[in-house]
Amino acid sequence: MGYDTENPDEVKAEYACDVGVKTSEKVDLAILIDGKVKMLVECKSAKTKLNSNHLNQLLRYYSVSDCRIGVLTNGIEYRFFTDSEKAGRMDEKPFLIVDIINDNLAILEIFSRERFRDEKISGFVDELKYRTAIREKLLSEFSYPSDEFVTLIAKGVDSGKLTKDKRRKFKRLIGKELDAILSNVVVDYREKDNPVITTPEEIEGFYIVKSILSEIIDADRVAIRDRQSYCAILLDDNQNYTICRLYFNDLDNLAVAFFDSMQKTKKRGRVEEKIAISKISEIYDYRENLLKTVEAYLKEKK
């Protein structure tokens, strides 16, 4: 993550916090940037199954700190908390849970020493919070359509009065159709002769590019569009503004293509420069290429 673990000005163990009548109570780790505490970390044994009972200390530490991020971990699972419900009071539910053995870790780049920005963290937390809530709501509606959802669909297909019997009928039919739609999506995906599958490596590369470009544009403007032979990363989901391409189908021969945004050919559009890389994180070495391309696109779009 880029923090110097041997520098107590960046990573301080047994960080002293004054909590009410208990003075100098210690939190396991404090992560600092330029002398300011950015994250407080409460550590448990790797054998410990994390639960809400482990939050008490972290809640107290957080309330007397100016930091926005609290982390509870057993070294394998990391739970990230903030104060989205009430300023200065840590939420009881994490906005992000990451298992470092099984999960894609690219999402953690936003917390790295180089990328950490308070305003970016706030935007990231808000988006993640709402996306999670939306996903849960959609899954709930798919499984057990609410009266409001049934009314919305019914009024869209039947102009008549929505009686109790008709509502019951629509609820049953909507449930069946939702099941059929989801089943067809899975079957269609599995039965394609040559399905386009966005791999974990491509997703990791996408998040790295997105993280780099968040320095100059809203991260939501960076889109991913997968193809058979490559995965394209676009500005505003527009193929005329291709930022780069990830050639990750062969993991032994990784490559990234960058584009000279100022140079075009009549037949092939923007000029592509394909560069071999040995590992996905090497994309960071081409930060300037990415920023230069997007800056040129932004001028062109004005």
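Residues numbered from 1 in each chain as written. Predicted model: local features only at pLDDT ≥ 70, side-chain atom pairs only at ≥ 80, totals over all residues. Heavy atoms only, no water.

Colleague: Explain the environment of Glu 42 to me, please; I cannot follow it from the model alone.
Modeller: Looking at the secondary structure, you find Glu 42 in strand E3 (residues 36–43). Glu 42 sits in the buried class, given a relative accessible area of 3%. Put simply, Glu 42 and Leu 58 are 16 residues apart on the chain and 6.4 Å apart in space, counted from C-alpha to C-alpha. Not counting chain neighbours up to four residues away, the residues in contact with Glu 42 comprise Val 27, Asp 28, His 54, Gln 57, Leu 58, Tyr 61, Val 71, Leu 72 and Thr 73. (Helix = DSSP H or I, 4+ residues; strand = E, 2+ residues; numbered from the N terminus. Buried < 20%, exposed > 50% of the residue type's maximum accessible area, 1.4 Å probe, protein only. Contact = heavy atoms within 4.5 Å.)

Colleague: Help me understand the side chain of Arg 79 in this model?
Modeller: Here Arg 79 is to be found in strand E5 (residues 77–81). Residue class for Arg 79 comes out buried when judged on its relative accessible area of 18%. A polar contact of 3.2 Å, which involves the side chain of Arg 79, links it to the backbone oxygen of Leu 50. Apart from residues lying up to four places away in sequence, Arg 79 is in contact with Leu 50, Asn 51, Gly 70, Val 71, Leu 72, Pro 94, Leu 96 and Ile 97. (Polar contact = N/O pair within 3.5 Å; in protein donor to acceptor, adjacent residues only side chain to side chain.)

Colleague: Would you take a moment to explain the packing of helix H5 (residues 200–213) against helix H6 (residues 287–301) for this structure?
Modeller: Axes are the key here: two packed helices are described by the angle between their axes and the distance separating the axes. Relative to each other, H5 and H6 sit at 65°, their axes nearing to 10 Å. Taken together, the axis directions place H5 and H6 in an arrangement best described as roughly perpendicular. As H5 packs across H6, the resulting crossing turns out to be right-handed. From H5, Val 209, Ile 212 and Leu 213 reach across to H6, where they touch Arg 287, Leu 290, Leu 291 and Val 294. Tallied by class, the residues present in the contact of H5 with H6 amount to 6 nonpolar, no polar and 1 charged. (Axes fitted to C-alpha atoms, helices over the stretch in contact; angles between N-to-C directions. Parallel < 35°, antiparallel > 145°, perpendicular 65-115°, else oblique. Left-handed = near helix turned anticlockwise from the far one by under 90°. Nonpolar A, V, L, I, M, F, W, Y, C, P; charged D, E, K, R; others polar.)

Colleague: I keep staring at the pattern of salt bridges and nothing clicks. Help me out?
Modeller: When the charged atoms of two side chains lie near each other, side chains of opposite charge can form a pair. Scanning all chains against the criterion turns up 18 salt bridges. Its salt-bridge partner being Lys 38, residue Asp 118 comes within 3.0 Å of it at the nearest N-O pair. Placement of Asp 118 in helix H2 (residues 118–143) and of Lys 38 in strand E3 is noted, with a sequence separation of 80 residues between them. Relative accessible area serves as the criterion here: at 39%, Asp 118 is assigned to the partly exposed category. For Lys 38, a relative accessible area of 14% corresponds to the buried category. A salt bridge links Arg 115 to Glu 215; the shortest N-O distance between them is 2.7 Å. (Salt bridge = Lys/Arg side-chain N within 4 Å of Asp/Glu carboxyl O.)

Colleague: What should I look at first to understand the packing of aromatic side chains in this one?
Modeller: Ring pairs (aromatic) are described by centroid distance and by the angle formed between their planes. For the structure on display, the rule yields 8 aromatic pairs. Summarising the aromatic geometry, the rings of Phe 206 and Tyr 207 are spaced 5.8 Å apart at their centres and angled 50° between planes, so their arrangement reads as tilted. On the basis of relative accessibility, which here comes to 9%, the residue Phe 206 falls in the buried class. Residue classification places Tyr 207 among the partly exposed positions, given a relative accessible area of 29%. A connected cluster of aromatic rings, assembled from ring pairs, spans Phe 80, Phe 95, Phe 111 and Phe 124. The cationic tip of Arg 245 hangs over the ring face of Tyr 230; the distance from NZ or CZ to the ring centre is 4.3 Å. One Lys or Arg, Lys 274, reaches over the ring of Tyr 247 and ends 3.8 Å from the middle of that ring. (Phe/Tyr/Trp six-rings, centres within 6.5 Å; stacked < 30°, edge-to-face > 60°. Lys NZ or Arg CZ within 6 Å of the ring centre and 35° of its normal.)

Colleague: For this particular structure, what's the right way to read the state of the cysteines?
Modeller: In protein chemistry, a disulfide is the covalent bond that joins the sulfur atoms of two cysteines. Across all of its chains, the model carries 0 disulfides by this definition. Counting only cysteine sulfurs, Cys 244 is the nearest neighbor of Cys 231, a cysteine outside any disulfide, at a range of 8.6 Å. (Disulfide = S-S within 2.5 Å.)

Colleague: Explanation requested: the side chain of Glu 202 in the structure shown.
Modeller: Inspection of the secondary structure puts Glu 202 in helix H5. Buried charged residue Glu 202 carries no salt bridge. Nearest counter-charge: Arg 227, at 11 Å. (Lys, Arg positive; Asp, Glu negative; His and termini not counted.)

Colleague: Looking at this structure, I do not really get helix H1 (residues 56–63). What am I missing?
Modeller: Of all the residues in H1, the buried ones are Leu 58, Tyr 61 and Tyr 62. Along the long axis of H1, the arc covered by the buried residues comes to 100°, so they all point the same way. (Arc of directions from axis to C-beta.)

Colleague: Explanation requested: unusual backbone geometry in the structure shown.
Modeller: Negative phi values dominate among residues other than glycine, just as trans dominates among peptide bonds. For Asp 236, which is not glycine, the phi torsion reads 60° and is therefore positive. Tracing the chain through its elements places Asp 236 in the loop between strand E8 (231–235) and strand E9 (238–247). For Asp 236, a relative accessible area of 30% corresponds to the partly exposed category. Here Asp 237, not a glycine, exhibits a phi torsion of approximately 55°, which is positive. Counting through the fold element by element, Asp 237 comes out in the loop between E8 and E9.

Colleague: Mind showing me how you'd approach the nonpolar core here?
Modeller: Core analysis: the largest hydrophobic core is formed by 29 residues, its most contacted members being Leu 213, Ile 283 and Leu 290. Among all residues touching Ile 283, those that are not within four sequence positions of it are Gly 205, Ile 208, Val 209, Ile 212, Leu 246, Phe 248, Val 256, Ile 277 and Leu 290. Listed in part, the 21 residues of the second largest apolar core include Met 39, Phe 111, Phe 116 and Phe 124. (Core = buried A, V, L, I, M, F, W, Y, C linked by side-chain atoms within 4.5 Å.)

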